[in-house]
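Topology and contacts: notes
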Amino acid sequence: MFPEAEELYRVNGDLESMTDDVPKIPIVCPVCETRAKIPFSNVEETVTDHNERLHDGDPVAAVDPDVFDHLADQVAVDLGLLEG
Ligand SMILES: [Zn+2]
């Protein structure tokens, strides 16, 4: 891991106690055409709960695939990997 990653992780941990500032992650469900933004720390639980309640546990709802690119870019920016 990059040394900076430790700091990023610690900062994100601090944010968990300030729920208003937790980054929201878009999830999509192609079956019922649901789109929602869920606080990062609740994404997995929310997706699992949605699938269990509405789709008999089928893993149809998931994090919006587009977000992974944005997240990767954002993490790279935060780590300073895009500078210089
Ligand atoms: Zn659904």
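Read on for a plain summary of the structure. Within each chain, residue numbers correspond to sequence positions counted from 1 in written order. Thresholds applied to this predicted model are a pLDDT of at least 70 for local features of residues and 80 or more for the giving and counting of side-chain atom pairs; totals over whole chains, interfaces and linings are not thresholded and use all residues.

Moving on, we get to the pairing of strand β1 (residues 24-29). Bridging between β1 and strand β2 (residues 34-39) involves 6 bridges; their strand directions are antiparallel. Each residue of the ladder has a partner; that of Val-28, found in β2, is Arg-35. Pairing between two strands requires that DSSP report at least two bridges joining them. Each helix corresponds to a stretch of at least 4 residues labelled H or I by DSSP, and each strand to a stretch of at least 2 residues labelled E; elements are numbered beginning at the N terminus. The antiparallel pairing of β1 with β2 creates a hairpin that spans 4 residues between the two strands, and Glu-33 there sits at a positive phi of about 55°.

This part is about the environment of Thr-46. Inspection of the secondary structure assignment puts Thr-46 in helix α2 (residues 43-54). Separated by 15 residues in sequence, Thr-46 and Ala-61 have C-alpha atoms that sit 9.4 Å apart.

Positive phi values are uncommon outside glycine, yet Glu-33 reaches one of about 55°. Along the chain, Glu-33 turns up in the loop between β1 and β2. Counting other C-beta atoms within 10 Å of a residue's own tells you its class, since 20 or more makes it buried, 12 or fewer makes it exposed, and anything in between is partly exposed; those C-beta atoms are placed from the backbone. Residue Glu-33 is classed as exposed on the basis of its 7 C-beta neighbours within 10 Å. Positive phi, normally seen in glycine, also occurs at Asp-56, with a value near 55°. Looking at the secondary structure, you find Asp-56 in the loop between α2 and β3 (62-63).

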